[in-house]
Amino acid sequence: MANRLYVASRKGLLIYERGAKAGWRHATTAFRGSPVTMVLASRDNRTIFAGLNLGHFGTKLHRTTDDGASWTELPAPSFPKVEGGDKDAKAPAVSAIWSMEWAGKDKPGALWLGTAPAALFHSSDNGGDAWTLLSANLPPVNAVRLV
Amino acid sequence: MAKVIFTSHLKSVAPDVAVDAPGGSVGAAIFAAHPAVRGYVLDDQGRLRLHIAVFVDGVHVRRDALDHPLRSDSELYIMQALSGG
């Protein structure tokens, strides 16, 4: 039975733990005050990813490998630059991280990530240090369950 | 040297005091002053993020802000725009 509960909220990443008798208790809050759109933890809870949407300042991705004691900002997934994109309001840009999932037990460190606007990114074996766009122009949905 | 002042909301990635930067253009000055701020001020395509406001010598630069010229003694503010009512 899981003893940790992660709640991605508009005001931060709320972390709850199951007590021996008293049920769930709030343990800590990371990214206090910042909108968190996605959270993904490893089975041992040592590695946790948090996708943030900082509004004015864009989409960010953070990772801890020490159970939240320290966080490191990773390069956020982004669309490749298109020619003239810096002057074209319609050129794509990631506005939110909506979904993340581990690629499987046989692919340690590999991850899938879904964004808005709809696109699928993959991090092959580096635990989120780099992302490759696999497909864009998916159907216009904002939430994707990756399985 | 031009002066660049970032909003305090960027203090995790940018200095929260005025910093010197070469004149030239707004874009050059921002990233010379602190390159880590790039992904916070620009989007995937290198556009100024929609709700970032740029003020040069007290004037809000609304179009092609990154290309806007700076004098060697200009004062550049990078702010976040607020809206609502």
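Placed above this text is the structure.
Calculation criteria
- Residues numbered from 1 in each chain as written.
- Chains lettered and ligands numbered in written order.
- Predicted model: local features only at pLDDT ≥ 70, side-chain atom pairs only at ≥ 80, totals over all residues.
- Heavy atoms only, no water.
- Buried < 20%, exposed > 50% of the residue type's maximum accessible area, 1.4 Å probe, protein only.
- Helix = DSSP H or I, 4+ residues; strand = E, 2+ residues; numbered from the N terminus.
- Pairing = 2+ DSSP bridges.
- Contact = heavy atoms within 4.5 Å.
- Buried area = accessible area lost by both parts, 1.4 Å probe.
- Salt bridge = Lys/Arg side-chain N within 4 Å of Asp/Glu carboxyl O.
- Polar contact = N/O pair within 3.5 Å; in protein donor to acceptor, adjacent residues only side chain to side chain.
- Nonpolar A, V, L, I, M, F, W, Y, C, P; charged D, E, K, R; others polar.

### Focus: the pairing of strand β10 (residues 119-123) of chain A
At step 1: In terms of burial, β10 of chain A is a largely internal element, four of the five residues being buried.
At step 2: Between strand β9 (residues 111-116) of chain A and β10 of chain A, which pair antiparallel and follow one another directly, the connecting turn spans two residues.

### A look at the environment of Trp112 of chain A
All names here are of chain A.
At step 1: As for its placement among the helices and strands, Trp112 is situated in strand β9.
At step 2: In this structure Trp112 comes out as partly exposed when scored by relative accessible area, which is 28%.
At step 3: Each C-alpha atom of the pair Trp112 and Thr132 lies 9.7 Å from the other, and the pair is 20 residues apart in sequence.

### What to know about the interface of chain B and chain A
At step 1: Each partner contributes to the interface: chain B provides 18 residues, whereas chain A provides 21 residues.
At step 2: A combined buried area of about 1400 Å² lies between chain B and chain A, and 49% of that area is made up of carbon and sulfur atoms.
At step 3: On the chain B side of the interface with chain A, the three residues burying the most area are Asp44, Gln45 and Arg47 of chain B, jointly 49% of the side's total.
At step 4: Run the count over chain B and chain A and you get one salt bridge.
At step 5: Its salt-bridge partner being Lys87 of chain A, residue Asp67 of chain B comes within 2.8 Å of it at the nearest N-O pair.
At step 6: Taken together, chain B and chain A are joined by 13 residue pairs in polar contact (both at pLDDT 80 or more).
At step 7: A per-class count over the side of chain B that touches chain A returns five nonpolar, seven polar and six charged.

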